[in-house]
Amino acid sequence: MGEDRRLTAVVALAQGMAAAHTPRESWRAAALGACRALAGNFAALSVWERERGRLRVLANVGDRAFDEAEFPDGEAYPVHQFPEITEFLHERWARGGEPNAWVETAEGSTAGRAGYCHQRVAALRRRGRGCCVVAPIVLHGRAWGELYVARPAGEPVFDRADADFATVLASVVAAGLAQTERLEEARRLAYTDALTGLANRRAVDVRLDEAIEQHRRDGVVVSLVVCDLNGLKRVNDTRGHAMGDQLLERFGSVLSLCGAMLPGALAARLGGDEFCLLAVGPAADEVVRAAGELCRRAADLELGEGVACGIASTQDPIGPVRSGRRLFRLADAAQYRAKAVRATKPVVAGREGPDDPVVRLADEPSPAKAERRRFRGRR
């Protein structure tokens, strides 16, 4: 490959990773870009999990074998099966060498001694590949994983120039992975409540809009539980804000635990003493049971005074729900009623007959309620 073509390939790989929106997209772009740049027919990106002593495959692209998924859940290999990893990532690097790429062939010519066939060579033969080039990926000064590109049997074997180019590609991949990490961290901070580690209001808004669209399109059940933690002001006033934060954190843990009863539910802190659970898919009665457990556990928290809990679900008789705003107003009205009557169990919108007071309150909000729920105005 000429210098101009290689430069173009490097730029294309970098651009592909820069355009990725998720880690998976970034992994795929890295493997696909390297595969094309090295004229291979298969490529994989793997991470070295030190704590487990294994190499775990993140993405496979190109001509995959029957046992190679694009994003495998469990494809991992004990590092002891690959002695060359120890040699190249430990010994040579530790002695001041560079993490250079190397070439393997199905004949085992680089194995080091006649007749020796390690796992990498065996895999080439088993999958009908003639050769591969393996490039260590170094991230933040440490061995992160490897980039692997293969060619089918009968194609030209990778040479030293290809290995050198693979080393360059691995450094470009490392830069792309570092950018992906930064973006993921920024995204995590943007959608996470700093105190409790739960999702924040922004994350709820995004997920709720998606959920309502699913409901309108496919009839998926969407349920929202809105909670108001009782006693936080008293704790802040009498025992200090550090203890108040501790109460919020403990309730956040309880909310997360009860949310786990509902597959895929999003547990969030809306702000102050207000929390919510957003469930997409589970039946309304399942959500009510989980919320009931939440009320029971919250009542047992040492510092607090229980929780006022309101629920609104598209599966209950609350009228058409065409926006997240209405579901929020219904759940909020149910929570407002739970607080007003000091209910120890969840109040559920739409379950008190045709003239349900919660639905009436939500659809005809009073000025006092609108002012009390200042966060409503954002929607």
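Residues numbered from 1 in each chain as written. Predicted model: local features only at pLDDT ≥ 70, side-chain atom pairs only at ≥ 80, totals over all residues. Heavy atoms only, no water.

Chemist: Honestly, the packing of helix H8 (residues 241-259) against helix H9 (residues 284-299) in this entry has me stumped. Any pointers?
Modeler: For any two helices packed against each other, the geometry is given by the interaxial angle and the distance between the axes. Closest axis-to-axis distance for the H8/H9 pair is 9 Å, and the angle between their directions is 150°. The orientation of H8 relative to H9 falls into the category roughly antiparallel. Crossing of H8 over H9 shows right-handed handedness. On H9, the residues touching Phe251, Val254, Leu255, Leu257 and Cys258 of H8 are Ala290, Glu293, Leu294, Arg297 and Ala298. (Axes fitted to C-alpha atoms, helices over the stretch in contact; angles between N-to-C directions. Helix = DSSP H or I, 4+ residues; strand = E, 2+ residues; numbered from the N terminus. Parallel < 35°, antiparallel > 145°, perpendicular 65-115°, else oblique. Left-handed = near helix turned anticlockwise from the far one by under 90°. Contact = heavy atoms within 4.5 Å.)

Chemist: I would appreciate a short explanation of the pairing of strand S10 (residues 307-313) in the present structure.
Modeler: Taken residue by residue, a regular strand's side chains alternate between the two faces of the sheet. Taken across its seven residues, S10 has seven buried, putting it largely inside the fold. Burial of the side chains of S10 extends over both faces: Val307, Cys309, Ile311 and Ser313 are buried on one face and Ala308, Gly310 and Ala312 on the other. Examined bridge by bridge, strand S7 (residues 222-229) and S10 share seven bridges and lie antiparallel to one another. Paired with Asp228 across the two strands is Ala308, which belongs to S10. Since S10 and strand S11 (residues 347-348) lie parallel, the crossover through helix H10 (residues 324-340) that links them has a hand, and here it is left-handed. (Buried < 20%, exposed > 50% of the residue type's maximum accessible area, 1.4 Å probe, protein only. Pairing = 2+ DSSP bridges. Right-handed = clockwise from strand over helix to strand, strands pointing away.)

Chemist: Honestly, the side chain of Arg326 in this entry has me stumped. Any pointers?
Modeler: Within the secondary structure, Arg326 sits in helix H10. Taking relative accessible area as the criterion, Arg326 reaches 18% and is therefore assigned buried. Reaching out from Arg326, the side chain makes a polar contact with the backbone oxygen of Ile318 at a distance of 2.7 Å. If sequence neighbours within four positions are ignored, Arg326 has contacts with Ile318, Gly319, Pro320, Val321, Val359 and Asp363. (Polar contact = N/O pair within 3.5 Å; in protein donor to acceptor, adjacent residues only side chain to side chain.)

Chemist: Mind showing me how you'd approach the sheet that holds strand S8 (residues 266-271) here?
Modeler: The strands making up a sheet associate through hydrogen bonds between their backbones, and the pairing can be parallel or antiparallel. Overall, mixed pairing links the five strands, which are arranged S8-S9-S7-S10-S11 in an open sheet. Of all strands in the sheet, those bounded by a partner on one side alone are S8 and S11. Alignment of S8 against strand S9 (residues 274-280), held across five bridges, turns out to be antiparallel. When the bridges of S9 are listed, Ala267 appears paired with Leu277.

Chemist: Would you take a moment to explain the pairing of strand S5 (residues 129-139) for this structure?
Modeler: Burial analysis of S5 places ten of its eleven residues in the buried class, the great majority of the element. Bridge count for strand S4 (residues 102-105) against S5 is four bridges, and the pairing is antiparallel. Among the inter-strand pairings, Glu104 is bridged to a residue of S5, identified as Cys132. In this structure, S5 lies alongside strand S6 (residues 142-152), joined through ten bridges in antiparallel fashion. Paired with Leu139 across the strands is Arg142, a residue of S6.

Chemist: Help me out: how do you make sense of the sheet that holds S5 in this one?
Modeler: Ordered by their spatial adjacency, six strands build an open sheet running S3-S2-S1-S6-S5-S4, and the pairing between neighbours is antiparallel. Both edges of this open sheet fall to strand S3 (76-78) and S4, since each of them pairs with a single strand only. This sheet shows a mean twist of 25° between the axes of neighbouring strands, independent of strand direction. In the packing of helix H5 (residues 160-190) onto the sheet, contacts are made with strand S1 (42-49), S4, S5 and S6, and the angle to S5 comes to roughly 45°.

Without other data, these values stay purely geometric and don't point to any function.
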